[in-house]
Amino acid sequence: MSPVRSIIYINPDGTSPVIPLARFLPADPPGIVHCWLHRNASRTNLILDPFGASPLMALETAASGYTLLTACNNPVVAFELSMLASAPSRDELTTALVELASQKKGEERLEAAIKDLYQTTCASCGETIQASAYLWLKGEPFPHARIYTCPVCGDSGEHPITDEDVVKVQQLQRADRLHRSRALERVLDSGSEDRLAVEEALSVYSPRPLYVLFTLINKLEGMSLTARKRELLEALLLTIMDAANSIWSWPQERERPRQLSTPPQYIEKNLWMELETAVGIWSAFKNRVKVTLWPEMPEGAGICIHRGRMRDLAREPGAAKVSQIVTVFPRPNQAFWTLCGLWSSWLWGREQAGRFAAVMERKRFDWNWHTSALHAALSPAAALSGPGVRMFGVIPEPAPGLINAVVGAASVSRLNLTGFATMNAVEPVQMEWKTSSMNREFKPVNLQKIIREAIREMLSEIGEPTEYIELHTAAMCALADENAFPPSIQQLTPEKSSEIQSVIQTLLADRLFLRRMDATAKDPESGLWWLAQPENTQTPLADRVELEIQDLLISKREILYRELLQNIHQRFPGYLTPPDTLLRHCLESYAIFDQHKQVWTIKEKELPSSREKNVQEMLDLVDAIARKLGLRSEGDHPIIWSLGTRSNTPLYHLVVGRTAAIDRDLLTNLPEGCEIVFVLPGSRSGLLKFKIERDPFLAEQIAKHCHFLKYRTLRSIAARSDLSLELWKVLIESDPISLEETTQLSMFG
């Protein structure tokens, strides 16, 4: 087994397009899988995705020229993948919607009948208009506000509900039992025992949205349509099935709901408006991709969907040989999976929904359950692939429980972890494995020793406090590297998982080993973690990144941002991957960005020849000021000012530099009663302030006896004719560093 190594973090290429149901699907930044495949796979290879959780990843793989076989057990996700791959145009979606709109509801068009349900009166001009939404408080019988934009007078925003609005809701409430029964019948068979679970799921649909949904579903079933047009309308209906539920909180935020629960205040949307909006969402994906259903494989690049579990695919006779495995790991999501059980039954019937509808019976999806679920797909995927096949996994929205589930499930699925990379608590964790031909050798290990050494090594290498998710990931990967997990899923019991977590918690509580800084809650994910006794640690990551960027800019003068990222990620792989915010602050300190060309160009004043002159000027000014103050000045790093008396007690250490990298040794070895002044370019002010704010240990070190003096301020001080030691003490605080560099000197200037 190869030891776990640091891999080069693959930076996303832009932002993900908005696709239907995006709030439930894995946050899968584009370009990551494409880049990994480009480095590691041939376009003749067959790629396997054992989870089928990310339509965007599948589409990206096929669009990059590869053939992907994906096991997709969720009928809703499988349908969305197929539909997006067909790249529906706005025109064909609009044509299908027009045909649906023209169906009759009594004596009027279906569109008019549904719009009538959302009619309200403008509070300003009295015109009858469409409300775009209604606001509800959980548990209340009626909405308390409506949202609209009046096309007549322009009045817009939230307004109190009217009596006419209340009457509309009351009418629909009286008929709700009939429509709710219809919704139940579409999901349950006569002998079903999960009626309560389905009723609970249905509770997130209030009367008006449910009425609209089943009016549309009933009309769709009665229409004579081509298969393509029916699929287009099913896609539009699928979108409003999500828009219709009450798990949309208000005010709206970037919601990623995982539990099927109504928020304290929620928004009820105008579903006909949502249908019209859905046309644009479904037509946004422009690249058509070949899609087939298993066992038919596409010729050349494309996607083959196995609509079932990975274990069933692995048992199929004649399964093709897999060359690589790529996947985006799903999180447990009770809300989405339950809703998919409803939606698939409503659209295609309970027979087509199959066993997936049974997910509604389960109320809890804890991390131990998720570990078993991941193993149920990873183990047959490894078996189908054979030994020596590389696997790449993206873990979006990383959380300790998800890291535990992924690393643990892979370890008991004949997958040997070979590398990982992390950036921060937000960006995806990236991992690599290799399939093995046999179960791993299991041996008793000292869990505490392995985890302690992994955490110490990581923090020592980073050289600064870091987020808990990075510590946790390093610890779990070290356990996988040391074969600390049992050889089978049956032995990876909740008790074993609890034992590992207990060891981690014990180490976190050891104040002689670790300290937590800037914490705002008891949760270990709050604040940053650092060594209690930071000895023999590397130069802080932020300083190393700054110096690397400085060297790149000096050597190249101008550089594409993408090229710079590649260089930085190669130089700082694994858990050393610096966050984008640090890179941006470093670049803004030294260079100018051309948005059109995506190029960073070094500022003329940052070239070595210019800065060398600046540094020599500052050294001369420091010497001149010392003479003016009647102080002895000696040494160079640091320059030491003293009174020149017999005791020769140092008053100040001065360090003239051109970067925002602070020599920590100078801070720890400062003589008693002495203060230190760092002289630096004003363009370094924002970067240094950013470093201090992101590193509480640095902030702690500079809290006493430390001053920062910009070149321009030193020039101003040197020019004063009334300079004294007392005035010097005031002036060195007159132009503080800030994220936005100040341009004014203090009242003394």
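Residues numbered from 1 in each chain as written. Predicted model: local features only at pLDDT ≥ 70, side-chain atom pairs only at ≥ 80, totals over all residues. Heavy atoms only, no water.

J.: Just to check I follow, could you spell out the packing of aromatic side chains for this structure?
T.: The relative placement of two aromatic rings is captured by the distance of their centres and the angle of their planes. Counting across every chain of the model gives 20 aromatic pairs. On the basis of an interplanar angle of 25° and a centroid distance of 5.8 Å, the ring pair of Phe678 and Phe708 is categorised as stacked. Linking Phe678 in strand β26 (residues 675-680) with Phe708 in strand β27 (residues 706-710), this pair joins segments that are 30 residues apart in sequence. Both residues of the pair, Phe678 and Phe708, belong to the buried class. Through a chain of ring-to-ring contacts, the aromatic side chains of Phe24, Phe336 and Trp343 assemble into a single cluster. Of note, Arg452 hangs over the ring of Phe513, and the distance from its end group to the ring centre comes to 4.4 Å. (Phe/Tyr/Trp six-rings, centres within 6.5 Å; stacked < 30°, edge-to-face > 60°. Helix = DSSP H or I, 4+ residues; strand = E, 2+ residues; numbered from the N terminus. Buried < 20%, exposed > 50% of the residue type's maximum accessible area, 1.4 Å probe, protein only. Lys NZ or Arg CZ within 6 Å of the ring centre and 35° of its normal.)

J.: Just to check I follow, could you spell out the pattern of salt bridges for this structure?
T.: Pairs can form between side chains of opposite charge once their charged atoms are near each other. In total, this model carries 37 salt bridges according to the counting rule given. Close ionic contact of Glu432 with Arg390 constitutes a salt bridge, the shortest N to O distance being 2.9 Å. Separated by 42 residues along the polypeptide, Glu432 in strand β17 (residues 429-435) and Arg390 in strand β15 (residues 390-395) bring together distant segments of the chain. The exposure class of Arg390 is partly exposed, given its relative accessible area of 26%. Between Asp623 and Arg627 there is a salt bridge; the shortest N-O distance is 2.4 Å. Highlighted residues: Asp623 and Arg627, both in helix α22 (residues 608-629), separated by 4 residues, approximately one helical turn. Judged by relative accessible area, Arg627 falls into the exposed class, the value being 56%. Beyond isolated ion pairs, a larger network of salt bridges with shared partners links Arg5, Arg390 and Glu432. (Salt bridge = Lys/Arg side-chain N within 4 Å of Asp/Glu carboxyl O.)

J.: So what exactly am I meant to see when it comes to the packing of helix α20 (residues 561-571) against helix α21 (residues 580-590) here?
T.: Think of two packed helices as two axes; the pair is described by the angle between the axes and how far apart they sit. Between α20 and α21, whose axes approach to 12 Å, the crossing angle comes to 120°. By the criterion of interaxial angle, the relationship of α20 to α21 is oblique. As α20 packs across α21, the resulting crossing turns out to be right-handed. Seen from α20, the contacting residues are Tyr561, Leu564, Leu565 and Ile568; seen from α21, they are Asp580, Leu583 and Leu587. Looking at the contact of α20 with α21 residue by residue, the classes come out as 6 nonpolar, no polar and 1 charged. (Axes fitted to C-alpha atoms, helices over the stretch in contact; angles between N-to-C directions. Parallel < 35°, antiparallel > 145°, perpendicular 65-115°, else oblique. Left-handed = near helix turned anticlockwise from the far one by under 90°. Contact = heavy atoms within 4.5 Å. Nonpolar A, V, L, I, M, F, W, Y, C, P; charged D, E, K, R; others polar.)

J.: I keep staring at helix α10 (residues 227-243) and nothing clicks. Help me out?
T.: Given 3.6 residues per turn, any residue in an α-helix points the same way as the ones three and four places further on. Its 17 residues place the ends of α10 25 Å apart at the C-alpha level, agreeing with the 24 Å of an ideal helix rising 1.5 Å per residue. In terms of residue burial, α10 counts as a mostly covered element, since 12 of its 17 residues are buried. Residues of α10 that are buried include every one of Leu232, Leu233, Glu234, Ala235, Leu236, Leu237, Leu238, Thr239, Ile240, Met241, Asp242 and Ala243, and no others. (Expected span 1.5 Å × (residues − 1).)

J.: How should I be thinking about the sheet that holds strand β22 (residues 599-602) in this particular structure?
T.: In sheet architecture, strand pairing relies on hydrogen bonds along the backbone and comes in two forms, parallel and antiparallel. Pairing is antiparallel in the open sheet, where 3 strands are placed in the order β20-β22-β21. A strand with exactly one partner marks an edge of an open sheet, and here the two such strands are β20 (558-560) and β21 (591-594). Put simply, the sheet's adjacent strands are angled 25° from each other on average, direction ignored. Examined bridge by bridge, β21 and β22 share 4 bridges and lie antiparallel to one another. Within β22, the residue paired with Asp594 across the bridge is Val599. Running at roughly 85° to β20, α20 makes contact with β20, β21 and β22 of the sheet. Here α21 sits on the sheet in contact with β21 and β22, set at roughly 105° to β21. (Pairing = 2+ DSSP bridges.)

J.: Would you take a moment to explain the side chain of Glu234 for this structure?
T.: Along the chain, Glu234 turns up in helix α10. Non-local contacts of Glu234, meaning those with residues more than four positions away in its chain, are made with Phe79, Leu220, Leu347 and Trp348.

J.: Can you walk me through the confidence of the model for the chain in this structure?
T.: Reading fine detail from the predicted coordinates is not recommended where pLDDT is low. Per-residue confidence for the chain gives a mean pLDDT of 93, with 96% of residues at or over 70. Counting contacts from residues 742-749, a segment whose pLDDT is below 50, to residues more than four positions away or on other chains yields 16 contacts. (pLDDT = per-residue confidence, 0-100.)

J.: Which parts of the structure should I look at to understand the environment of Ile592?
T.: Position of Ile592 relative to the elements: it lies in strand β21. A relative accessible area of 53% means that Ile592 is categorised as exposed. In sequence terms Ile592 and Cys304 are 288 residues apart; their C-alpha atoms lie 46 Å from each other. If near-sequence neighbours (up to four positions away) are discounted, Ile592 is found in contact with Val599, Trp600, Thr601 and Lys603.

J.: Even after reading the chapter, I still don't get helix α7 (residues 176-185), so can you show me in this structure?
T.: Buried within α7 are the following residues: Asp176, His179, Arg180, Ala183 and Leu184. The buried residues of α7 occupy one face: seen down the axis, they fall within an arc of 145°. In this structure, α7 carries Arg177 and Leu178 as exposed residues pointing more than 90 degrees from its buried face. (Arc of directions from axis to C-beta.)

J.: Before we go on, may I ask you to explain the sheet that holds strand β14 (residues 324-328) in this structure?
T.: If you trace the 9 strands from one edge of the open sheet to the other, you get β1-β16-β17-β15-β14-β2-β3-β13-β12, paired in mixed fashion. Across the chains shown, the open sheet's two edge strands, defined by having one partner strand only, are β1 (5-6) and β12 (291-293). Where strand β16 (residues 415-421) meets β17, 6 bridges bridge the pair, whose relative direction is antiparallel. What sits directly across from Asn416, in β17, is Lys434. Contacting β16 and β17, helix α17 (residues 468-481) crosses the sheet at an angle of about 150° to β16.

J.: Even after reading the chapter, I still don't get unusual backbone geometry, so can you show me in this structure?
T.: With glycine set apart, most residues show a phi of negative sign, and most peptide bonds adopt trans. Omega for the bond connecting Trp294 with Pro295 falls within 30 degrees of zero, at 15°, which places this linkage in the cis form. You can see Pro295 is positioned in the loop between β12 and β13 (302-306). Cis geometry marks the peptide bond from His637 to Pro638; its omega dihedral reads 5°. Looking at where Pro638 falls in the secondary structure, it is placed in the loop between β23 (632-634) and β24 (639-642). The phi torsion at Gln598 lies on the positive side, around 55°, for a residue other than glycine. Along the chain, Gln598 falls in the loop between β21 and β22. Gln598 sits in the partly exposed class, given a relative accessible area of 33%.

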